[in-house]
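Structural description and commentary
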Amino acid sequence: MTDSFRILGFLLLLLAGIAPAHSAPDLRLATTTSTENSGLLNAILPLFEAKYDTKIRVVSVGSGKAMKLGENGDVDVVLVHSRADEEKFVAAGFGVNRRDVMYNDFIIVGPKSDPAGIRGSDVLTAFKKIASAGSGFVSRGDDSGTHKMEQSYWKAVGVEPAATPGYVSAGLGMGEVLMMAAEMQRYTLTDRATYAAYRAKTGLEILVSGDSKLFNPYGVIAVNPARHPGINHAGAMQFIEWLTSPEGQAAIVAFRVDGEQLFFPNPC
């Protein structure tokens, strides 16, 4: 064998070592911003990637946009928190094998001065007071699960938010909205996990919490391979099985911010 053949053989072996043939294809995950802004994904996804020798490509957007990506076949699996929309997504044939994953809660946060006097109120009373006081509210305004929940509260109290003084529709993710609310000294609705990650940066305080209407469940759904044959359905189902398994649920429980548990495993 000539030296050139030996060198060629060495390079082929080297390349084989760099890109092993058994490596699984990438998995594309569309998810709500709260799972990324809170730090949860950074804590749990590496465990799955290491176990299954794969890479998860994350697209972090509002739940509505995440499901639209699934509808178009641009991702393989979605992790979202807008239950009514999730059920519609599956019923329309865009998703399959939906599973409950975890839950936490929404909270209303705002400046320490609490100009509308909502501290300790139930959620609907708080929204009425914010509207009456005209003290300002920063909305996600992005068709996310949080935005949909906020809209349901305004509807329940008979208020058109766009006509409320100081109401701002930001069209941004949760972390950005919290920063905006802090800068403007206004109220906002947030999931508890993202607030915990941004608490020190914003100085906003929890003013309303604990109301059963603030329950915030998360679901995971595989994109329907019958509609999009080219997606990584095997990887999506592997991820769903892992996330809802005792191992995945334990990883969710183990995630803390400043010692506080922020997501709780599927109660079912």
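Below, the structure is looked at part by part.

Calculation rules
Residues numbered from 1 in each chain as written. Predicted model: local features only at pLDDT ≥ 70, side-chain atom pairs only at ≥ 80, totals over all residues. Heavy atoms only, no water. Core = buried A, V, L, I, M, F, W, Y, C linked by side-chain atoms within 4.5 Å. Buried < 20%, exposed > 50% of the residue type's maximum accessible area, 1.4 Å probe, protein only. Helix = DSSP H or I, 4+ residues; strand = E, 2+ residues; numbered from the N terminus. Axes fitted to C-alpha atoms, helices over the stretch in contact; angles between N-to-C directions. Left-handed = near helix turned anticlockwise from the far one by under 90°. Contact = heavy atoms within 4.5 Å. Nonpolar A, V, L, I, M, F, W, Y, C, P; charged D, E, K, R; others polar. Arc of directions from axis to C-beta. Polar contact = N/O pair within 3.5 Å; in protein donor to acceptor, adjacent residues only side chain to side chain. Salt bridge = Lys/Arg side-chain N within 4 Å of Asp/Glu carboxyl O. Pairing = 2+ DSSP bridges. Phe/Tyr/Trp six-rings, centres within 6.5 Å; stacked < 30°, edge-to-face > 60°.

Attention now moves to the nonpolar core. With 30 residues, the main nonpolar core has Ile44, Val77, Val220, Phe239, Leu243 and Phe263 as its most contacted residues. Elements that contribute at least two residues to this core include exactly strand 1 (27–31), helix 3 (40–52), strand 3 (77–80), strand 4 (95–110), helix 9 (192–202), strand 9 (215–223), helix 10 (233–243) and helix 11 (246–254). Per-element accounting of this core gives the leading share, six residues, to helix 10. Listed in part, the 20 residues of the second largest apolar core include Leu124, Ile130, Trp154 and Leu214.

We now examine the packing of helix 8 (residues 174–184) against helix 9. Following both chains from N to C, one finds helix 8 and helix 9 inclined at 35°, their axes separated by 10 Å at the closest point. Between helix 8 and helix 9 the crossing geometry is right-handed. For the pair helix 8 and helix 9, the contacting residues are Met174, Gly175, Leu178, Met179 and Ala182 in the first and Thr194, Tyr195, Tyr198, Lys201 and Thr202 in the second. Here the contact of helix 8 with helix 9 is composed, by residue class, of six nonpolar, three polar and one charged.

Here we come to helix 11. Those residues of helix 11 lying buried are Gly248, Gln249, Ala251 and Ile252. Angular distribution of buried residues about the axis of helix 11 spans 155°; they occupy a single face of the element. Exposed and facing more than 90 degrees away from the buried side of helix 11 are Pro246 and Ala254. The inward-facing, buried residues of helix 11 abut helix 3, strand 4, helix 10 and strand 12 (264–265).

In this section: helix 9. Listed in full, the buried residues belonging to helix 9 are Arg192, Ala193, Thr194, Tyr195, Ala196, Tyr198 and Thr202. Two or three places before Ala193, at the opening of helix 9, Asp191 has a side-chain oxygen 3.3 Å from that residue's backbone nitrogen. Positive phi shows up at Gly203, right after helix 9, with a value of about 75°.

This next bit is on the pattern of salt bridges. Once their charged atoms are close, side chains differing in charge can pair, the charge on each being opposite to the other. Overall, the coordinates contain 16 salt bridges when judged by the stated rule. Here Asp76 ties to Arg28 by a salt bridge, and the two come within 2.9 Å at their closest N and O atoms. With a gap of 48 residues between them, Asp76 in the loop between helix 4 (63–71) and strand 3 and Arg28 in strand 1 connect regions that are remote in the sequence. Note on Asp76: relative accessible area 1%, which makes it buried. Owing to a relative accessible area of 28%, Arg28 belongs among the partly exposed residues under this scheme. A salt bridge links Lys148 to Asp143, with the nearest nitrogen and oxygen atoms 3.3 Å apart. Among the residues examined, Lys148 registers a relative accessible area of 28% and is labelled partly exposed. Judged by its relative accessible area of 34%, Asp143 is partly exposed. Overlapping salt bridges, with partners in common, bring together Arg83, Glu86, Glu87, Arg98 and Asp100 in one network.

Below, the discussion takes up the pairing of strand 9. Within strand 9, seven of the nine residues are buried, which leaves it mostly tucked inside the rest of the structure. Relative to strand 9, strand 3 is paired through four bridges, and the arrangement is antiparallel. Within strand 9, the position partnered with Val80 by the bridge is Gly219. Here eight bridges tie strand 4 to strand 9, and the two strands are oriented antiparallel to one another. Looking at strand 9, one finds that Arg99 is bridged to Val220.

Moving on, we get to the packing of aromatic side chains. Applying the stated criterion across every chain yields a total of 14 aromatic pairs. With a centroid separation of 4.6 Å and 75° between ring planes, the pair formed by Phe127 and Trp154 is classed as edge-to-face. Note that Phe127 is positioned in helix 6 (residues 123–133) and Trp154 in helix 7 (residues 145–156), a separation of 27 residues in sequence. In this structure an aromatic cluster arises from ring pairing among Phe127, Phe137, Tyr153, Trp154 and Tyr167.

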